[in-house]
2 protein chains.
Amino acid sequence: MDLDSLRAASPGIVVDTTDEALEAARADKSGHRATGRPIAVVRATEVEHVQAAMRWASEHGVPVVPRGAGTGLAGGANTGEGELSIDVSGMRRILEVSAADQLAVVEPGILNADLNAALEEHGMWWAPDPASRAISTVGGNIATNAGGLLCAKYGVTREAVLALGVVLASGERIDVGHRTVKGVTGLDLAALMIGSEGTLGIIVEATLRLRPAVPGGVWTIGAFFDDEVAAAAACAAITAAHIRPAIMELVGTVSVRMLSAYTGRPMQGAFVLLQLDDVGAEAIARDALAIVEAHGGDAELTDDVERSAMLVEVRRQVHFALDSFGTVLVEDVSVPRTRMPEMFALCADVADRYGVTVATSAHAGDGNLHPTFVFDEDEPTDAVWAAADEIFQGALAMGGTLTGEHGVGVLKRRWLGLELGDTQLRLQREIKAVFDPAGILNPGKVFEG
Amino acid sequence: MDLDSLRAASPGIVVDTTDEALEAARADKSGHRATGRPIAVVRATEVEHVQAAMRWASEHGVPVVPRGAGTGLAGGANTGEGELSIDVSGMRRILEVSAADQLAVVEPGILNADLNAALEEHGMWWAPDPASRAISTVGGNIATNAGGLLCAKYGVTREAVLALGVVLASGERIDVGHRTVKGVTGLDLAALMIGSEGTLGIIVEATLRLRPAVPGGVWTIGAFFDDEVAAAAACAAITAAHIRPAIMELVGTVSVRMLSAYTGRPMQGAFVLLQLDDVGAEAIARDALAIVEAHGGDAELTDDVERSAMLVEVRRQVHFALDSFGTVLVEDVSVPRTRMPEMFALCADVADRYGVTVATSAHAGDGNLHPTFVFDEDEPTDAVWAAADEIFQGALAMGGTLTGEHGVGVLKRRWLGLELGDTQLRLQREIKAVFDPAGILNPGKVFEG
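Under an unreviewed UniProt entry, chain A has the name Glycolate oxidase and belongs to Agrococcus jejuensis. Chain A has a UniProt comment under Cofactor (unreviewed entry) that states "FAD".

Q: Residues and numbers for the UniProt feature "domain: FAD-binding PCMH-type" (unreviewed entry) in chain A, please.
A: The UniProt record annotates "domain: FAD-binding PCMH-type" (unreviewed entry) at residues 34-213 of chain A. Helix makes up 21% of residues 34-213 of chain A and strand makes up 25%, while its end C-alpha atoms are separated by 41 Å.

Q: Mind laying out the domain arrangement of chain A, listing which residues take part and the relevant values?
A: Residue and element names in this part refer to chain A. Taken domain by domain, chain A consists of domain 1 (3-87), domain 2 (94-212), domain 3 (215-313) and domain 4 (326-440). Inter-centroid distance (C-alpha atoms) of domain 2 to domain 3 is 29 Å. Between domain 2 and domain 3, the contact holds five residues from the first and seven residues from the second. Across the interface of domain 2 and domain 3, roughly 610 Å² is buried in total on both sides, 48% from carbon and sulfur atoms. Linking domain 2 with domain 3 are two salt bridges. For Lys153, the salt bridge is made with Asp278, and the minimal N-O distance between the two is 3.9 Å. Where domain 2 packs against domain 3, one counts three residue pairs in polar contact (both at pLDDT 80 or more). Taken together, the residues of the side of domain 2 that touches domain 3 sort by class into four nonpolar, no polar and one charged.

Q: Outline the pairing of strand β18 (residues 368-375) of chain B, listing residues and values.
A: All names here are of chain B. Taking burial as the measure, the eight residues of β18 include eight buried ones, the bulk of the element. Taking every second residue as pointing to the same face, both faces of β18 are buried, with Asn368, His370, Thr372 and Val374 on one and Leu369, Pro371, Phe373 and Phe375 on the other. Relative to β18, strand β16 (residues 327-330) is paired through four bridges, and the arrangement is antiparallel. Looking at β18, one finds that Val330 is bridged to Thr372. Between strand β17 (residues 357-363) and the antiparallel strand that follows it, β18, lie four residues; Gly367 among them carries a positive phi value of about 80 degrees.

Rules of the game
Residues numbered from 1 in each chain as written. Chains lettered and ligands numbered in written order. Predicted model: local features only at pLDDT ≥ 70, side-chain atom pairs only at ≥ 80, totals over all residues. Heavy atoms only, no water. UniProt positions renumbered as here; feature names shortened; annotations may be inferred. Helix = DSSP H or I, 4+ residues; strand = E, 2+ residues; numbered from the N terminus. Domains from an automatic or database assignment. Contact = heavy atoms within 4.5 Å. Buried area = accessible area lost by both parts, 1.4 Å probe. Salt bridge = Lys/Arg side-chain N within 4 Å of Asp/Glu carboxyl O. Polar contact = N/O pair within 3.5 Å; in protein donor to acceptor, adjacent residues only side chain to side chain. Nonpolar A, V, L, I, M, F, W, Y, C, P; charged D, E, K, R; others polar. Buried < 20%, exposed > 50% of the residue type's maximum accessible area, 1.4 Å probe, protein only. Pairing = 2+ DSSP bridges.

Given below as structure tokens:
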């Protein structure tokens, strides 16, 4: 491949072909890696680098895989044989913050946590809060329409993005969306781009909708229940009482067991984490506590910042705990809130029948569950995928979805038609073809090749 | 045209060809009407009627214009020569309300106000709140991604819709979106459909995201200022204080003058309406009052339900007041909040230079202004459109948009390319062609023919 012309395509463009770079570009955090190695990794630090690389790729018919920090969980950024990785993690500037207009303009490579640290002095924050916030980029967050802990109260990523700069397959840049809160001129291509996993274009700039810092104290509840059914009933009762916690998480019994072993701290049962913020948080937190206790929860309530952080840390450590027991495959089904107990039961039943380990946590405020398979690296994964298939089918039968926040990537594409139906799948493929007639934008991701 | 085969296409389908029906279908509330008359109006009461009519239209190559209550302000539902109007205002059932899952499934023809009246007994509400709520449909609201008074705090319509049933040009039905709060399987066709003004398909069912009734009292502030600059400064200061009013409206001096004449109640200056709800509303309302008064506002604060309703009514009557002075053309530009004073000044300047009357109100929480031209029916509209053109260009130059919540319809389509740029406009047209290869779905709306 003519990499010299790529190196000459734009001043300052870095084309990395070291073993280390090529190897790293094969994988994300899903545990899967692409077959073969990419031809190179472009380390873009300017929009023009992305444009030049796309022009070059179009000319040479080379498939392109956009990449941020590589923290995805569905294989969406995995880059294989004959493909070019365009890494935008070096584009991490904050171009503008306007507290008065409650917006920020940023490059895609900035880390979620770094952005919020920088916004603090403006008295503002950006709500999307994936569990990976310390290591994941804003661009990746947008490309997958990622969620996180705060969605039930503060919305999904799509609701926190006003406009996007996007480099198309041709290398042209378009700007979609609006700098304003409202705007309905033409079709909503910004919303279409959000969650499109690099199949329509490469996000090179984002105008984000900020929120003012939330006034009032933050109150946190941590509670252990006998099992998931009791825990889910408590969560449902909190929703029914019209309480809107910023965070409402449910960690299942298998996960708690692993967490206990990982941390060396004795814990058992199912864990519920609640965080109440905003004006009046204390009184609402006490109402929530009463509901939790009435449902058999062994609970503590605190507004101490350190103790609060520790309770939140219990939830954030789940992934690391599971990871310490083997290879993990994190699933991501979402169901209507009321079907959560059923979904926990299904996961347990499926695990039993297939003889696999499934440790489940849930964003209980919005019905998004992460049934996580934990297995030995050398173990054949047939049983895991057969079990996952039953969980996917179960979620769809409950009016749910294959993926609440991680995306389809390579791991879930074979179930895509099952959820969308043939006609919608055809329309989606045709829309992809409008943006990418030659099929060089992240081919084989979301849609099967 | 073979209307007999249309009448035979589905049991119970009503094909109305009375003079009255055909004449009514030519216009919406924009003051514009289509050239010529439609061939018929299909009064659908079942999804199957819409499907049968679309199959018939596809077979016969007849253009179709979907219609709800006809309250649009951009001519999007106007149906002319050779076209078929499909009126879904008779499809007005609530199919499901789940307070536990915080959703409702409805047919498109239900009126916004009727829906909220029905949700009250469930302790829930649906946030989109167009000024026309008493007479406009939920389907029309979604088809235009309409806004209303509550957007700054409670979001735009797109954020309040989970899933849609859509009849395609072929007559096939697809279901897009999710019953769950989160869901990222494939491209977000629900978001693409919202605000597409009938150019991609006909919405026949909507799964709406409900909110629990807002706890706490409601406090309302009405305040008069010397001029829009002072009023806008007060609004900006409220935003800067991180207060998030449910309603923050600014009625300009020209509108207040007309309102005063219309109601016979002496009023002058610019009027600001604020409504604070939720926990802690009273204390926050008092903070807001202090800001308003510090900016020279002559203000009153009340939590009396009747008095509160009267103050809100001042804002809601603006359109009727203007209407009583002649023909109105309501524009709908949106600008970043901080540019509002500039936009008010531009409207006044343009009105002066062209010798036209422009009465402006704004959703001040989100920067959406309605410069409204008031003129005699017989007056030539050249000066009006030349003035509107300057206002559009000004909005775009300020980082704003042509239309915040009314849509493009026929009235704004010639400015579409100016805002979107050639490349994006081409992509949008190609997406339309994916859904509507024969070009029979609301042709000439949004996109010029």
